[in-house]
Amino acid sequence: MDLSGASLTGTTIGLSGNAQYAGFLTEIPGLQSLSLPIQGLLRITSASAIAVVGLRSRTNERGDFLITTTPPVAETNSSSAELFFPHFADAGGYTTQFILFSNGASKSLSGTIRFFSQTGQPLDLKLR
């Protein structure tokens with residue numbers, strides 16, 4: 001789905017027990033037509049218990065292949081616990097994008113994002 005919550009496309013992949021599927025977003029059958037780059041969320045559902053890991057990749061100006069994990073989030077999780085992002089990039093040509101989403105179609109989202117420097121002082125960071 002895109003960042004407004006609108007569905008872009010859908011597909012089904014059948015797997016037998018103890019099987020796995022690995023592929024880039026554009027390699028998933030039914031999703032090849034998505035125009036890249038894309039910003040949004042990938043919803044994965046299953047009738048059985050599954051394990052999921054997401055990877056985000058980029059190739060930088062030097063041709064280095066960079067990759068990082070993006071943890072899955074259960075939509076049924078309604079925890080109001082604090083979340084911490086210990087590091088993020090905002091200089092030298094690097095940026096970090098925070099995507100906040102509600103775990104239900106009719107639920108509103110609210111919260112506070114606070115930025116602190118390495119010394120623990122409030123950080124005056126301009127958001128776009």
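Keep in mind it's a predicted model, so treat the numbers as computed, not measured.

**Q** Give a description of the overall build of the protein chain that names residues and reports values.
**A** On a plain count of helices and strands, the protein chain comes out with 0 helices and 2 strands. Buried positions account for 5% of the 128 residues belonging to the protein chain. A fraction of 31% describes how many contacts in the protein chain between residues 6 or more apart in sequence connect residues 24 or more apart. Of the accessible surface of the protein chain, which amounts to about 11,500 Å², a share of 53% is contributed by carbon and sulfur atoms.

**Q** Can you explain the pattern of salt bridges? Please cite residues and give values.
**A** Working definition: two side chains of opposite charge can pair if their charged atoms are close together. The final tally for this structure, using the stated rule, is 1 salt bridge. Between aspartate 64 and arginine 62 there is a salt bridge, with the nearest N and O atoms lying 2.6 Å from each other. When its relative accessible area of 26% is taken as the criterion, aspartate 64 is described as partly exposed.

**Q** Can you tell me about a nonpolar patch on the surface, naming the residues and giving the values?
**A** A cluster of nonpolar side chains, Phe24, Val53, Leu55, Phe65 and Ile67, forms an exposed patch at the surface whose accessible area comes to about 540 Å². Topologically, phenylalanine 65 is positioned in strand S2 (residues 65-70). Residue classification places phenylalanine 65 among the partly exposed positions, given a relative accessible area of 49%.

**Q** Quick rundown of unusual backbone geometry? Include the residues and the values.
**A** With phi around 60 degrees, asparagine 18 is a residue other than glycine that occupies positive phi space. Within the element layout of this structure, asparagine 18 appears in the segment before strand S1 (54-59).

**Q** Pulling in residues and values, what's your account of the pairing of S2?
**A** Alignment of S1 against S2, held across 6 bridges, turns out to be antiparallel. Bridged to leucine 55 within S2 is threonine 69. Joining the antiparallel neighbours S1 and S2 is a turn of 5 residues, in which glycine 63 adopts a positive phi near 90 degrees.

**Q** Mind laying out the environment of serine 110, listing which residues take part and the relevant values?
**A** Looking at where serine 110 falls in the secondary structure, it is placed in the segment after S2. Along the primary structure serine 110 and leucine 100 are separated by 10 residues, whereas in three dimensions their C-alpha atoms are 9.2 Å apart.

Rules behind the numbers
Residues numbered from 1 in each chain as written. Predicted model: local features only at pLDDT ≥ 70, side-chain atom pairs only at ≥ 80, totals over all residues. Heavy atoms only, no water. Helix = DSSP H or I, 4+ residues; strand = E, 2+ residues; numbered from the N terminus. Buried < 20%, exposed > 50% of the residue type's maximum accessible area, 1.4 Å probe, protein only. Contact = heavy atoms within 4.5 Å. Areas by Shrake-Rupley, 256 points an atom, 1.4 Å probe, with all protein chains shown as cover. Salt bridge = Lys/Arg side-chain N within 4 Å of Asp/Glu carboxyl O. Patch = residues over 30% accessible without salt bridge, like charges linked within 9 Å, V, L, I, M, F, W, Y side chains within 5 Å. Pairing = 2+ DSSP bridges.

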